[in-house]
Amino acid sequence: MRLAGKKALITGAGSGIGRGMALLFAQNGAVVGVNDINPTRIEETIALVEAEGGKAVGVPFDVTNFDAVNSGVNQAREALGGLDIFCANAGIAPSADFVDISPEAWDTMMKVHLYGVFNGCKAVLPGMLEQSWGRIIVTSSMSAVSGDKHLTHYSAAKAGQVGFIRALAREVADAGVTVNAIAPGLVQTNILGEVDSEVIERYLPPVGRIGQPKDQAYAALYLASDEAEFVTGHLLQVNGGSF
Ligand SMILES: NC(=O)c1ccc[n+]([C@@H]2O[C@H](COP(=O)([O-])OP(=O)(O)OC[C@H]3O[C@@H](n4cnc5c(N)ncnc54)[C@H](O)[C@@H]3O)[C@@H](O)[C@H]2O)c1
């Protein structure tokens, strides 16, 4: 029970990696706030957590909307009885050639991944600073490090998240709050339906299987734990060796 008594909020937890985090965190004793933009998916994740005897509450909001995130985080804090761990995980990955990416598509990518992280951290950080304990974990991507063709907007946004966590980690390092990111390689989730097959082929992992949400969830579990108090500003690459 590595997260016994902890309260965690996970964005984009109605599916894939976020759902994997919700399940593993609950199995490890946390009560979990399940966010998504899709309410049906939230209910599915809550049912899965509860089926294993865990406790979860639904907190629907769009991570791109500053006011909605702020009130959603307050709602989560009230329902969970506090907030210790925040996973900024919601994401999208529609592939397109750079020449075809419209300014609107560029904006959407920045809004979900950069404004989404900004909005969430603005809402959760004051409470974490006040209690001198907090864990912020952003789901970035190996695209942040290597770049991906057909995903220039996604790669830029994911790399922006890495700059963000490094900077914020320094700012709050002496206040008991760590700020880290994971960089998944290829993971079997719904998002792969949006990704160009060339990118998928390039990332087939040397370990011989495609990644599963639980691989990422275990990395997040470590970063969320007490044991990881000396790890901050770190990008943990979880990719089956496909750097
Ligand atoms: N699957 C992979 O191969 C892979 C690789 C690298 C990084 N990632 C990252 O992992 C994270 C999770 O993705 P996944 O693979 O689990 O995909 P997924 O599609 O299974 O889950 C993403 C979830 O985010 C939700 N979401 C999207 N926009 C939202 C918004 N504006 N507000 C709230 N929720 C929103 C979706 O409804 C969905 O349930 C993303 O940030 C993604 O970029 C995934």
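Calculation rules
Residues numbered from 1 in each chain as written. Predicted model: local features only at pLDDT ≥ 70, side-chain atom pairs only at ≥ 80, totals over all residues. Heavy atoms only, no water. UniProt positions renumbered as here; feature names shortened; annotations may be inferred. Pairing = 2+ DSSP bridges. Helix = DSSP H or I, 4+ residues; strand = E, 2+ residues; numbered from the N terminus. Right-handed = clockwise from strand over helix to strand, strands pointing away. Expected span 1.5 Å × (residues − 1). Buried < 20%, exposed > 50% of the residue type's maximum accessible area, 1.4 Å probe, protein only. Contact = heavy atoms within 4.5 Å. Near = heavy atom within 4 Å. Polar contact = N/O pair within 3.5 Å; in protein donor to acceptor, adjacent residues only side chain to side chain. Areas by Shrake-Rupley, 256 points an atom, 1.4 Å probe, with all protein chains shown as cover. Nonpolar A, V, L, I, M, F, W, Y, C, P; charged D, E, K, R; others polar. Patch = residues over 30% accessible without salt bridge, like charges linked within 9 Å, V, L, I, M, F, W, Y side chains within 5 Å. Salt bridge = Lys/Arg side-chain N within 4 Å of Asp/Glu carboxyl O. Axes fitted to C-alpha atoms, helices over the stretch in contact; angles between N-to-C directions. Core = buried A, V, L, I, M, F, W, Y, C linked by side-chain atoms within 4.5 Å.

Within an unreviewed UniProt entry, the label attached to the protein chain reads Short-chain dehydrogenase, and the organism entered is Haliea salexigens. UniProt annotates the protein chain under Sequence similarities (unreviewed entry) with the comment "Belongs to the short-chain dehydrogenases/reductases (SDR) family."

Now for the pairing of strand S1 (residues 7-10). Where S1 meets strand S2 (residues 31-34), 4 bridges bridge the pair, whose relative direction is parallel. Bridged to Ala8 within S2 is Val32. Crossover connection from S1 via helix H1 (residues 16-27) to parallel S2: handedness right-handed. In this structure, S1 lies alongside strand S4 (residues 85-88), joined through 3 bridges in parallel fashion. Across the sheet, residue Ile10 finds its bridge partner in S4, namely Cys87.

Taking 1.5 Å per residue as the helical rise, helix H8 (residues 213-224) with its 12 residues ought to reach 16 Å, and the 16 Å between its terminal C-alpha atoms agrees with that figure. Within the sequence span of H8, burial applies to Pro213, Gln216, Ala217, Ala219, Ala220, Leu221, Leu223 and Ala224. Looking at the buried positions of H8, the neighbouring elements they touch are H1, S4, strand S5 (134-139), strand S6 (177-184) and strand S7 (235-238).

As a further point, take the site of the ligand. The immediate surroundings of the ligand are formed by 28 residues, with Ser15, Ile17, Asp36, Tyr154 and Thr189 found nearest. Backbone polar atom of Ile17 to an oxygen atom of the ligand: 2.8 Å apart, as the coordinates give it. Within the side chain of Asp62, a nitrogen or oxygen atom sits 2.9 Å from a nitrogen atom of the ligand. Relative to its unbound accessible area of 830 Å², the ligand is 94% covered by the protein chains. Those elements giving two or more residues to the shell around the ligand turn out to be H1 and helix H6 (152-172). Residues belonging to the shell around the ligand are distributed by class as follows: 12 nonpolar, 12 polar and 4 charged.

Let us look at a nonpolar patch on the surface. On the surface, a nonpolar cluster with roughly 360 Å² of combined accessible area is contributed by Phe98, Val99 and Trp106. Within the element layout of this structure, Val99 appears in the loop between S4 and helix H4 (103-131).

The 7 strands are arranged S3-S2-S1-S4-S5-S6-S7 in an open sheet whose pairing can be described as parallel. Sheet topology places strand S3 (56-58) and S7 at the edges, where each strand pairs with a single neighbour. The sheet shows a mean angle of 20° between the axes of neighbouring strands, taken without regard to direction. Pairing analysis gives 3 bridges linking S2 to S3, with the strands arranged parallel. Each bridged residue has a counterpart across the sheet, and for Gly33 the counterpart in S3 is Val57. In the packing of H4 onto the sheet, contacts are made with S4, S5 and S6, and the angle to S5 comes to roughly 165°.

Moving on to the nonpolar core. Phe86, Ile136 and Val179 are the most contacted members of the largest nonpolar core, which has 34 residues in total. Among the elements of the structure, helix H3 (66-80), S4, H4, S5, H6 and S6 are those that each provide at least two residues to this core. Here this core gets 7 residues from one element, more than from any other, and that element is H4. Ignoring sequence-local partners within four residues, the contact set of Val179 consists of Ile136, Ile165, Leu168, Ala169, Val172, Thr232, Gly233 and His234. With 33 residues, the next largest nonpolar core counts Leu3, Leu24, Cys87 and Trp133 among its residues.

Let us now look at the pairing of S4. Alternating positions in S4 separate into two faces, Ile85 and Cys87 on one and Phe86 and Ala88 on the other, with burial throughout. Pairing of S4 with S5 involves 4 bridges; the strand directions are parallel. Looking at S5, one finds that Phe86 is bridged to Ile136. A crossover connection joins S4 to the parallel S5 through H4; in handedness this β-α-β unit is right-handed.

Attention now moves to the side chain of Asn89. Tracing the sequence through the fold places Asn89 in the loop between S4 and H4. For Asn89, a relative accessible area of 8% puts it in the buried group. At a separation of 3.3 Å, a polar atom in the side chain of Asn89 contacts the main-chain carbonyl oxygen of Gly12. What Asn89 contacts, discounting residues up to four positions off in sequence, is Ile10, Thr11, Gly12, Ile17, Gly18, Met21 and Thr139.

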